[in-house]
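Coordinate inspection notes
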Amino acid sequence: DAGVTQTPRHEVAEKGQTIILKCEPVSGHNDLFWYRQTKIQGLELLSYFRSKSLMEDGGAFKDRFKAEMLNSSFSTLKIQPTEPKDSAVYLCASSNRGGTEVFFGKGTRLTVV
Amino acid sequence: AQSVTQPDARVTVSEGASLQLRCKYSYSGTPYLFWYVQYPRQGLQLLLKYYSGDPVVQGVNGFEAEFSKSNSSFHLRKASVHWSDSAVYFCALSPDTNAYKVIFGKGTHLHVLP
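The rules behind each value
- Residues numbered from 1 in each chain as written.
- Chains lettered and ligands numbered in written order.
- Predicted model: local features only at pLDDT ≥ 70, side-chain atom pairs only at ≥ 80, totals over all residues.
- Heavy atoms only, no water.
- Contact = heavy atoms within 4.5 Å.
- Buried area = accessible area lost by both parts, 1.4 Å probe.
- Salt bridge = Lys/Arg side-chain N within 4 Å of Asp/Glu carboxyl O.
- Polar contact = N/O pair within 3.5 Å; in protein donor to acceptor, adjacent residues only side chain to side chain.
- Helix = DSSP H or I, 4+ residues; strand = E, 2+ residues; numbered from the N terminus.
- Nonpolar A, V, L, I, M, F, W, Y, C, P; charged D, E, K, R; others polar.
- Core = buried A, V, L, I, M, F, W, Y, C linked by side-chain atoms within 4.5 Å.
- Buried < 20%, exposed > 50% of the residue type's maximum accessible area, 1.4 Å probe, protein only.
- Pairing = 2+ DSSP bridges.
- Axes fitted to C-alpha atoms, helices over the stretch in contact; angles between N-to-C directions.
- 1 Å grid on protein atoms, 1.4 Å probe; cavity = no way out; pocket = protein on both sides within 12 Å on 5 of 7 lines; lining within 4 Å.
- Points joined across faces, edges and corners; volume = space filled by probe spheres on them.
- Phe/Tyr/Trp six-rings, centres within 6.5 Å; stacked < 30°, edge-to-face > 60°.

This brings us to the interface of chain A and chain B. Taken together, the contacts link 20 residues of chain A with 19 residues of chain B. With both chains or domains summed, chain A and chain B bury close to 1,700 Å², and 56% of this area falls on carbon and sulfur atoms. Applying the counting rule to chain A against chain B returns zero salt bridges. The interface formed by chain A and chain B includes four residue pairs in polar contact (both at pLDDT 80 or more). No other element matches strand E5 (residues 42–50) of chain A, which puts four residues into the side of chain A that touches chain B. Residue classes in the side of chain A that touches chain B are distributed as nine nonpolar, seven polar and four charged.

Written out as structure tokens, the structure reads:
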């Protein structure tokens, strides 16, 4: 079984650019998550989808971050416009409905200059 | 409020030594508890989980963890570490079976000296 696939693995953006990160969850999983990982804050939940419906939009991340789930096997995270403080690793994860184990992708390392 | 605290940001041990990584949680009931590991340039992978029953749970690669309700702790242990165990270890808590409610600690970076 393929795990969670994230592309690209690395992204360098100039301040003000729009970037789109992509994620393919584990086949058959109903729940999909986007996290931001930094050394200072640790893992922060950005968005949560259940069966393609947005259930959690991350509060503080709403204004420039938008996650979408176009179908059950593909999700995107758009950051528009990017700022240097957005430099972080963005992790996509999925789980079975009602399951507590979360399966993570390898992440996208974003650097905003 | 629920929280997970990993008091040690970084732990260094020699290969072959025993290991304990500490995790303290704050939750009024009995939570679901997890340890995840993140190897360099990888996502997080589940090491072990505790739901109920025997407070000592076994995980992959010789890791185990012990739940203590009285101490609100879920420490991770390994009898003899290998250099390949060098990674970041995350303790996590969930109040129920909904994965989106999982709260992660900030992680402990384990460095094993060869």
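The subject of this paragraph is the nonpolar core. Leu19, Trp35, Leu47, Leu48, Phe74, Leu76 and Tyr89 of chain B are the most contacted members of the largest nonpolar core, which has 26 residues in total. Broken down by secondary-structure element, the contributors of at least two residues to this core are strand E2 (10–14), strand E3 (19–21), strand E5 (32–38), strand E6 (44–50), strand E8 (64–68), strand E9 (73–78), strand E10 (87–94) and strand E12 (108–113) of chain B. Counting residues in hydrophobic clusters, the runner-up holds 20 residues, among them Ile19, Trp34, Met69 and Leu77 of chain A.

Moving on, we come to unusual backbone geometry. Residues and elements named next belong to chain A. Between Thr7 and the following residue, Pro8, the backbone shows a cis peptide bond with an omega angle of -10°. Mapped onto the fold, Pro8 is located in the loop between strand E1 (5–7) and strand E2 (10–13). Cis rather than trans, the peptide bond between Gln80 and Pro81 has omega equal to -10°. Along the chain, Pro81 turns up in the loop between strand E8 (74–79) and strand E9 (88–95). Of note, Lys52 is a non-glycine position whose phi angle comes to about 75°, a positive value. With respect to the element layout, Lys52 can be found in the loop between E5 and strand E6 (53–56).

With the rule as written, the count across this model stands at 11 salt bridges over all chains. For Glu68 of chain A, the salt bridge is made with Lys66 of chain A, and the minimal N-O distance between the two is 3.8 Å. Notably, a salt bridge pairs Arg77 of chain B with Glu64 of chain B, separated by 2.7 Å at the nearest N-O pair. With a gap of 13 residues between them, Arg77 of chain B in strand E9 and Glu64 of chain B in strand E8 connect regions that are remote in the sequence.

Residue and element names in this part refer to chain A. Read from one edge to the other, the open sheet built from four strands follows the order E1-E3-E8-E7, with strand pairing classed as antiparallel. Each having just a single partner strand, E1 and strand E7 (65–71) make up the two edges of the open sheet. Here the average twist between neighbouring strands, direction ignored, is 20°. When strand E3 (residues 19–24) meets E8, the two strands line up antiparallel, connected through five bridges. The residue of E8 that forms the bridge with Lys22 is Thr76.

This part takes up the side chain of Thr82 of chain A. Residue and element names in this part refer to chain A. For Thr82, the location among the structural elements is in the loop between E8 and E9. Among the polar contacts listed, one links the side chain of Thr82 to the backbone oxygen of Glu14, at a separation of 3.1 Å. Thr82 has contacts with Ala13, Glu14, Lys15, Gly16, Gln17, Ile19, Arg64 and Val112, leaving out every residue within four places of it along the chain.

Once that is clear, we can look at the layout of surface pockets. Estimates place the volume of the largest pocket at around 780 Å³. Contributing to the lining of the largest pocket are 32 residues, with Gln37, Lys39 and Arg109 of chain A together with Gln38 and Val88 of chain B lying nearest its centre. Looking at the lining of the largest pocket, its residues break down into 10 nonpolar, 15 polar and seven charged. Lining the second largest pocket are 13 residues; nearest its centre among them are Phe103 and Phe104 of chain A together with Leu44, Gln45 and Leu46 of chain B. Going through the elements one at a time, strand E10 (103–104) of chain A together with E6 of chain B are the ones with two or more residues in the lining of the second largest pocket.

This paragraph deals with the packing of aromatic side chains. Applying the stated criterion across every chain yields a total of 15 aromatic pairs over all chains. Ring plane angle 80° and centroid distance 4.7 Å describe the contact between Tyr32 of chain B and Tyr51 of chain B, whose orientation is recorded as edge-to-face. With Tyr32 of chain B in strand E5 and Tyr51 of chain B in the loop between E6 and strand E7 (56–58), the pair connects residues that are 19 residues apart, well separated along the chain. When its relative accessible area of 35% is taken as the criterion, Tyr51 of chain B is described as partly exposed. Relative to Phe74 of chain B, the ring of Tyr50 of chain B lies with its centre 6.3 Å away and its plane at 45°, an arrangement referred to as tilted. With Tyr50 of chain B in strand E6 and Phe74 of chain B in strand E9, this residue pair connects regions lying 24 residues apart in the sequence. The exposure class of Tyr50 of chain B is buried, given its relative accessible area of 5%. Among the aromatic side chains, those forming a connected cluster through ring pairs are Phe33, Tyr35, Tyr48 and Phe104 of chain A together with Tyr32, Phe34, Tyr36, Tyr51 and Phe104 of chain B.

The values are spatial; any link to function lies outside them.
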